[in-house]
Amino acid sequence: MDYERLEVFLSTLAEDNGEYIEGLREKALSDDVPIIRRTSERLIKFIINTYQPKSILEIGTAVGYSAIFMASISNAHITTIEKYPPRITEAKKNFEECGYGERITFLTGDAIEILKELDGSYDMIFMDAAKGQYQVFLEDSLRLLDKNGILVCDNVLQEGDILESRYGIIRRNRSIHSRMRDFLYDITHDEKLVSTIIPLGDGMSLTTYKK
Ligand SMILES: C[S@@+](CC[C@H](N)C(=O)[O-])C[C@H]1O[C@@H](n2cnc3c(N)ncnc32)[C@H](O)[C@@H]1O
């Protein structure tokens, strides 16, 4: 199967999210800000509709597109983390303007440090930050994940690089490649967890605690 064509086809089935959110998507894309793909967005909508999370933690805000999208389709409180200053400025502006700001807590700084400081539990965690750090985020994410919650991670197939052997990919991507392979191994081999990896968008993993 040609996954690129499939992705284009599935994207044509995407719903319209209304003028404001579609405007945010268009602006993010025209500014080259990486935001969730249509197909990943659809899966997130399905998960939120099924799980009805009351608290969502997002690692990787960018300019706030996915946080605002998740706020718009749920009643959840969303806590989201971003470290890159120009995106922080734009996300703050978007959170003020979007009409869901009172349900969004924006934490700025490196998620590796911020996650260690967080406590409480989240019904859903959406990991969408530096791919080379997923393994580092994992321990705290599992500590923060409610026993009935779901951990959703985007971009786990690295545009297909994950299939290649270490030597089949360019040198500068090798450490990300081996870290992501370790991450996928860990979420699929931890006896406490049940995980699946879906080749949708750039690959999404779903993880819950074993019941
Ligand atoms: C793919 S974008 C997030 C897109 C966003 N979830 C959306 O769909 O609208 C990833 C973001 O994670 C941020 N990021 C990467 N590593 C991070 C870290 N360690 N702590 C906080 N933010 C991080 C990047 O600066 C980038 O803006």
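Since this is a predicted model, take the numbers as computed values, not measurements.

**Student:** Can you walk me through the sheet that holds strand 1 (residues 55–59) in this structure?
**Tutor:** Read from one edge to the other, the open sheet built from seven strands follows the order 3-2-1-4-5-7-6, with strand pairing classed as mixed. Both edges of this open sheet fall to strand 3 (104–108) and strand 6 (193–198), since each of them pairs with a single strand only. Geometrically, the sheet is characterised by an average inter-axis angle of 15 degrees between neighbouring strands, direction not taken into account. The sheet contact formed by strand 6 and strand 7 (residues 204–209) spans six bridges and is antiparallel. By the bridge assignment for strand 7, Ile197 is matched with Ser205. Its contacts with the sheet place helix 7 (residues 134–144) against strand 1, strand 4 (122–127), strand 5 (145–154), strand 6 and strand 7, and it is angled at close to 155 degrees to strand 5. Sheet contacts for helix 8 (residues 174–189): strand 4, strand 5, strand 6 and strand 7; angle to strand 6, the most-contacted strand, approximately 135 degrees.

**Student:** Any chance you could explain the environment of Ser72 here in plain terms?
**Tutor:** Checked against the element boundaries, Ser72 lands in helix 4 (residues 65–72). With a relative accessible area of 27%, Ser72 lands in the partly exposed category. When the C-alpha atoms of Ser72 and Asp154 are compared, they prove to be 20 Å apart, with 82 residues separating the residues in sequence. Excluding residues within four positions of it along the chain, Ser72 makes contact with Ile21 and Tyr100.

**Student:** So what exactly am I meant to see when it comes to the side chain of Arg103 here?
**Tutor:** Inspection of the secondary structure puts Arg103 in the loop between helix 5 (85–97) and strand 3. Of the side chains with opposite charge, Glu102 lies nearest to the buried Arg103, which makes no salt bridge, at 4.8 Å. With near-sequence residues (within four places) excluded, Arg103 lies in contact with Ala71, Ser74, Asn75, Ala76, His77 and Ile78.

**Student:** I would appreciate a short explanation of helix 4 in the present structure.
**Tutor:** Within helix 4, seven of the eight residues are buried, leaving the element largely enclosed by the surrounding structure. Looking at helix 4, one finds that the buried residues are Tyr65, Ser66, Ala67, Ile68, Phe69, Met70 and Ala71.

Cut-off values and rules
- Residues numbered from 1 in each chain as written.
- Predicted model: local features only at pLDDT ≥ 70, side-chain atom pairs only at ≥ 80, totals over all residues.
- Heavy atoms only, no water.
- Pairing = 2+ DSSP bridges.
- Helix = DSSP H or I, 4+ residues; strand = E, 2+ residues; numbered from the N terminus.
- Axes fitted to C-alpha atoms, helices over the stretch in contact; angles between N-to-C directions.
- Contact = heavy atoms within 4.5 Å.
- Buried < 20%, exposed > 50% of the residue type's maximum accessible area, 1.4 Å probe, protein only.
- Lys, Arg positive; Asp, Glu negative; His and termini not counted.
- Salt bridge = Lys/Arg side-chain N within 4 Å of Asp/Glu carboxyl O.

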